[in-house]
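Architecture and fold: a report
The residues making up each chain are set out below.
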Amino acid sequence: MKFLIFTVTIGAGHNEVARNVAEYLKSQGHEVLVHDLFKHKKFRQWVIAKLGFGAMVKFPTIANYFYDRTKKSDNSIYDNYIKSIKEETLELINTYKPDVIISSHIAGRLFVKKYESEFEKPVLNYFIVTDYDLTPGLKDYKENEYVIIPNEDFKDELVEKGFAPDHILPFGIPVNAKYYKKLDENEAKEKLGIDIDLNKKIVLVVGGGNGLGNVYKVIKELSKHDDIQIISVAGRNEDLKKEIDALAKKSKAKIYSYGFTKELEYMMTIADYLVGKTGGITATEAITKGVPLIAVGKTPKPEYSNLQYLKKNGMAIEIDDIKTIYDKIKTLDTDAMREKYEKSKKVGVVEKINEKILERR
């Protein structure tokens, strides 16, 4: 079968989901093309990935106000954006002629629904929800589409929107298969190549691919204590990496400083806590690996919605005052959180997607 996977570069999550799904489908002998919808629209890309995403992080209260408005109306901001990519995207679809289009971002789903009457070949339309929240724009259900959601908790809301129950698939958020594998802590330590004490508490502080959030402030506070160890991931933020490297020289806690890394599964294997942004992918990776999630400071939606959902279900804690983080960590019931993770985690997500699609072949 031929698959076309639509993604949009905003943060790292949508691209990560697209890669995870594509990797598995290719391994099963399918022909797969991954396409970033706004890749050739440089200004649009800048507005979405840089200006818009940066503003959301810096001004979460304002960003959340506008997000709530779009959520209430169920109108996506991408309704207008997709008009600018109509001609080139239609040309791609009608040249490639996919059997199935899978979207890891709402813009892909909106494009298919708006312009599918101009497709030369009918397609099955799949949309993957990448957060623990339903993004604005999920309305006007058609019989050729399916929605993949994190779990059963989001099914009723989609039924209320008019989706057929058997077209709502609670398979989970597709993380990379490597997160499903159980690793020995010593093996993970060896893979990382670090001399870290596995008998002392390890705090993994992650700022995402772009090194955003309260990473430096968190590490500075934790660095005052010599009974913990810190693994810092600054992402592509080189200035942040330099600041943490400087802090490591005078820290009471041992700090292992990283920039952008593809070794998070090893870090999560040895970590006792994960402090960072609650993006849908990062949260699902942590749940799959059994690492207790801690969020610090205000975050923009849908990350804030993720956090509220996880808090409600006993799978994350939120800390408003960074100065209290050490005490909160020391008193956290990690066993209870890991038990919740074990019951809620989803495995074999991309395998289930493939099986479902083949049923309709």
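Notes on the structure follow. (Residues numbered from 1 in each chain as written. Predicted model: local features only at pLDDT ≥ 70, side-chain atom pairs only at ≥ 80, totals over all residues. Heavy atoms only, no water.)

1. Things to note about the environment of Lys201
To keep it simple, the criterion reads: Only DSSP runs of H or I reaching four residues or more are called helices, and only runs of E reaching two or more are called strands; each is numbered from the N terminus. The rule is simple: take the accessible area with a 1.4 Å probe, protein chains only, and divide by the maximum for that residue type; under 20% is buried, over 50% is exposed, in between is partly exposed. A contact between two residues is defined here by any heavy atoms of the two lying within 4.5 Å.
Residue position: Lys201 is located in strand β7 (residues 201-206). On the accessibility criterion, Lys201 (36% relative accessible area) is partly exposed. Sequence separation between Lys201 and Ala271 is 70 residues, and the spatial gap between their C-alpha atoms is 7.7 Å. What Lys201 contacts, discounting residues up to four positions off in sequence, is Asp227, Ile228, Gln229, Asp272 and Tyr273.

2. Observations concerning a nonpolar patch on the surface
Our working definition: To count toward a patch, a residue needs a relative accessible area above 30% and no salt bridge. Like charges then connect within 9 Å, nonpolar side chains (Val, Leu, Ile, Met, Phe, Trp, Tyr) within 5 Å. Here the open area of atoms and residues is found with the Shrake-Rupley method and a 1.4 Å probe, where only the protein chains shown may cover a residue. Definition used for salt bridges: Asp or Glu carboxyl oxygen within 4 Å of a side-chain nitrogen of Lys or Arg.
Taken together, the side chains of Ile62, Tyr65 and Phe66 present a nonpolar region at the surface, about 340 Å² in accessible area. Following the sequence through the fold, Ile62 ends up in helix α3 (residues 60-73).

3. Here we look at the sheet that holds strand β1 (residues 2-7)
Hydrogen bonding along the main chain pairs the strands of a sheet, whether they run parallel or antiparallel. The following threshold applies: Should DSSP find at least two bridges between two strands, the strands are taken to pair. Convention adopted: a line fitted to C-alpha atoms gives each axis, helices being fitted over their contacting stretch, and angles between N-to-C directions are expressed from 0 to 180 degrees.
The sheet built from 6 strands is open, its strands ordered β2-β1-β3-β4-β5-β6 with parallel pairing. Both outer strands of the open sheet, β2 (31-36) and β6 (168-169), are each paired with one neighbouring strand and no more. The pairing of β1 with strand β3 (residues 100-103) spans 4 bridges and is classified as parallel. By the bridge assignment, Leu4 is partnered in β3 with Ile101. Contacts from helix α6 (residues 106-115) reach β1, β3, β4 (124-128) and β5 (145-148), with the element oriented near 155 degrees to β4.

4. Side note on the pattern of salt bridges
If you walk through the whole model with that rule in mind, you get 19 salt bridges. Notably, a salt bridge pairs Lys86 with Glu118, separated by 3.3 Å at the nearest N-O pair. With a gap of 32 residues between them, Lys86 in helix α5 (residues 86-96) and Glu118 in the loop between α6 and β4 connect regions that are remote in the sequence. Look at Lys86 and you get partly exposed, because its relative accessible area is 26%. A salt bridge links Lys356 to Glu359; the nearest nitrogen and oxygen atoms lie 3.6 Å apart. Here the residue Lys356 and the residue Glu359 both occupy positions in helix α16 (residues 349-359), the gap between them amounting to 3 residues, near one helical turn. Exposure remark for Lys356: the relative accessible area of 19% places this residue in the buried category. Here Glu359 falls in the exposed class, since its relative accessible area comes to 59%. Here the salt bridges do not stand alone but share partners, grouping Arg109, Lys113 and Glu145 into one network.

5. Here we look at the packing of aromatic side chains
The condition that has to hold: Aromatic contacts are taken between Phe, Tyr and Trp rings whose centres are within 6.5 Å, Trp giving its six-membered ring; a plane angle under 30 degrees counts as stacked, one over 60 as edge-to-face, and the others as tilted. By definition, being over a ring means that NZ of Lys or CZ of Arg is both within 6 Å of the ring centre and within 35 degrees of the ring normal.
Applying the stated criterion across every chain, the model contains 8 aromatic pairs. Geometrically, the ring pair formed by Tyr132 and Tyr309 is stacked, given 5.5 Å between the ring centres and 15 degrees between the ring planes. One end of the pair, Tyr132, is in the loop between β4 and β5; the other, Tyr309, is in helix α13 (residues 303-312), with 177 residues separating them in the sequence. Put simply, the rings of Phe38, Tyr78 and Tyr81 pair up and form one aromatic cluster. The ring of Tyr96 carries the charged tip of Lys2 above its face, separated from the ring centre by 4.4 Å. Lying over the aromatic face of Tyr256, Lys254 brings its terminal NZ or CZ to 5.5 Å of the ring centre.

6. Regarding unusual backbone geometry
One non-glycine residue, Lys97, adopts positive backbone phi at about 55 degrees. Mapped onto the secondary structure, Lys97 falls in the loop between α5 and β3. Residue Lys97 is classed as partly exposed on the basis of its relative accessible area of 35%. Not every positive phi belongs to a glycine, and Asp140 is a case in point at roughly 60 degrees.

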